[in-house]
Each structure stands twice: as C-alpha cells, then as structure tokens.
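Chain by chain, the residues:
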Amino acid sequence: MPRVDESFDLGAMEIDGHVAKEPGPHGDKITTGAGGGKGDDSDLHPHAPPVDDGRAAKLRAAARDLLRTYARDCSGFVKAYSRALAEIYGRPEAALPAAMDANELLAFLEGAYEGSTDGRAAKAHADAGGIVYAGLRAPVNGHIMVVVPGPGGARGADQRFYPNVLGGGLNPLGASDGSKTAGDTWSTTDRPRVKYYWPRPKKAAPPKPKPEPEPPKR
C-alpha cells in the first residue's frame, strides 16, 4: 500500500499510519453537537506562507502528535494546534485563549475573526496557507476543527461543498486526520450551519500627513 508523501499539504498527511482516503457514505442524521456526522454522501491575512520553508513540515509533525493526545477533545486539539502554529511561525497572536471550551472559542472567533458559511472560501484561505477554523456551537458540546488544504467535497442532496478538516472529537466520528471534510464530521442536520473563521486582513496604516511648507523667508 502506498504511503502519503511527507511533502504533501496538511490536508493529505498521514496521521496514524494509514493513507488518507475519501470518506465513504454513512447514513445517520442524528444531531450530536459534538461532531460525528454520518452524512448521506451523495456524491488574506494568512498566518503561514504557502511556501514550505521547513516550518510547515514541523507544524504537520506537531499536528500528528497533538491529534494522538487530543483524539477525543476538539477544543484541546485546536488550542494546542494554535499554540504550535504561533511558536513555529513566530506569530503569538495566532494562539487561541487556553481556558475556553469549544462554544467559548467559537464565540471568541465570532468577534475576532472573519466568519462565513462558504466552504469554498474556507478552502481557498486554507490552500493559500492561512489559518482557518470550522465550528458550530451547541447547547451542550460545540464542535471546532482546523480547516486544512485538500480537495474537499460536495455532500448531500444539495451538493453543498465542505472543506477538509483536522481535529479530535468527543464522538470519534467527528474526528479527522485531515482526510475527512466538515460534511463528514458534522451530522447531516448540523453540517449546513457550520461556520468558517479566518483572521481579518490587517488595515493599512493611514498615510502620514505631509508637513506644511515653511513660510518664505523675508
């Protein structure tokens, strides 16, 4: 069996020794709130540059280790991943608050990041090297993941597009090593409402006013 090349993007990386495969059909329509969709598959302000200068490979390796540690803890994985990204890329502002659960993290992102339900836009940002989160709040357990580069896919009768995601899940069906999409890790009821978040573009500094000309000397 062929192995996934280490030079591949995070969305195609090998986490637990198996080749990333296209997710198959699942069939359940239960709303879990903690991820674990079993969907009926009918089918720039980036933190990290797209050029792999060695740091992206380091982040992929960190993600593999973190996914083993936080296999059943979506918010724990996302927070640890954001800290690893912040350290590796020297971007301390990328680290998410440590003392927040999934619902609290999503409330934070709602206020601090750009938000959209457009899965193709989320994929574009992730493919360009940006940090993107996917999430949905719920009364008990919300669910949050990292959007990673990858082909994504259309799911359901409406053929809505969902990007590839990475992270743990209280329900193992809601976890992904990067090979599954948001359409596979949320239930068929929840997945159309998943929102994607990426950093807002930095505002350009206003131009400095030109100095007033000195009055002519007499």
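Here, the structure is the one placed above.
Let me sum up the structure you'll find in this document. (Residues numbered from 1 in each chain as written. Predicted model: local features only at pLDDT ≥ 70, side-chain atom pairs only at ≥ 80, totals over all residues. Heavy atoms only, no water.)

## Concerning the pairing of strand S7 (residues 176–181)
- Judged by how many residues are buried, S7 sits mostly within the fold: 6 of 6 residues are covered.
- Note that strand S6 (residues 164–167) and S7 share 3 bridges and pair antiparallel. By the bridge assignment, Gly167 is partnered in S7 with Ser176. (Buried < 20%, exposed > 50% of the residue type's maximum accessible area, 1.4 Å probe, protein only. Helix = DSSP H or I, 4+ residues; strand = E, 2+ residues; numbered from the N terminus. Pairing = 2+ DSSP bridges.)

## Things to note about the nonpolar core
- Judged by nonpolar contacts, the single largest core of 29 residues is most densely connected at Phe77, Tyr81, Leu109, Tyr133, Ile144 and Val146.
- Mapped by element, the contributors of at least two residues to this core are helix H1 (55–69), helix H2 (74–89), helix H3 (102–112) and strand S3 (143–147).
- Looking at which element gives the most residues to this core, the answer is H2, with 10 residues.
- Aside from chain neighbours lying at most four places away, what touches Val146 is Phe77, Val78, Tyr81, Ile131, Val132, Tyr133, Asn164, Val165 and Leu166. (Core = buried A, V, L, I, M, F, W, Y, C linked by side-chain atoms within 4.5 Å. Contact = heavy atoms within 4.5 Å.)

## Things to note about unusual backbone geometry
- Phi is positive for Gln159, close to 50°, though the residue is something other than glycine.
- Looking at where Gln159 falls in the secondary structure, it is placed in the loop between strand S4 (153–155) and strand S5 (160–162).
- With a relative accessible area of 38%, Gln159 lands in the partly exposed category.

## Structural notes on the sheet that holds strand S8 (residues 195–199)
- Here we have 6 strands laid out as an open sheet, ordered S1-S8-S2-S3-S6-S7, and antiparallel in their pairing. In the strand order of this sheet, the two ends are held by strand S1 (113–116) and S7, each with one partner. Neighbour-to-neighbour, the strand axes of the sheet open up by a mean angle of 35°, direction not taken into account.
- Strand direction decides the pairing type here: strand S2 (residues 132–136) and S3, joined by 5 bridges, are antiparallel. In the strand pairing of S3, Val132 is matched with Val147.
- Each of S2, S3 and S8 is contacted by helix H4 (residues 119–127), which is oriented at about 35° to S8, the strand it contacts most. (Axes fitted to C-alpha atoms, helices over the stretch in contact; angles between N-to-C directions.)

## Details of the pattern of salt bridges
- Applying the stated criterion to the full structure yields 8 salt bridges.
- One salt bridge in this structure joins Asp53 and Arg55, with 3.0 Å as the shortest N-O distance.
- Asp53 gets classed as partly exposed once you look at its relative accessible area, which sits at 47%.
- Residue Arg55 is classed as partly exposed on the basis of its relative accessible area of 28%. (Salt bridge = Lys/Arg side-chain N within 4 Å of Asp/Glu carboxyl O.)

## Some words on the packing of aromatic side chains
- Counted by the stated rule, this structure contains 2 aromatic pairs.
- Across the ring face of Phe161, the terminal group of Arg120 is positioned such that the distance to the ring centre comes to 4.1 Å. (Phe/Tyr/Trp six-rings, centres within 6.5 Å; stacked < 30°, edge-to-face > 60°. Lys NZ or Arg CZ within 6 Å of the ring centre and 35° of its normal.)

Purely geometric stuff here, so don't read any function into it on its own.
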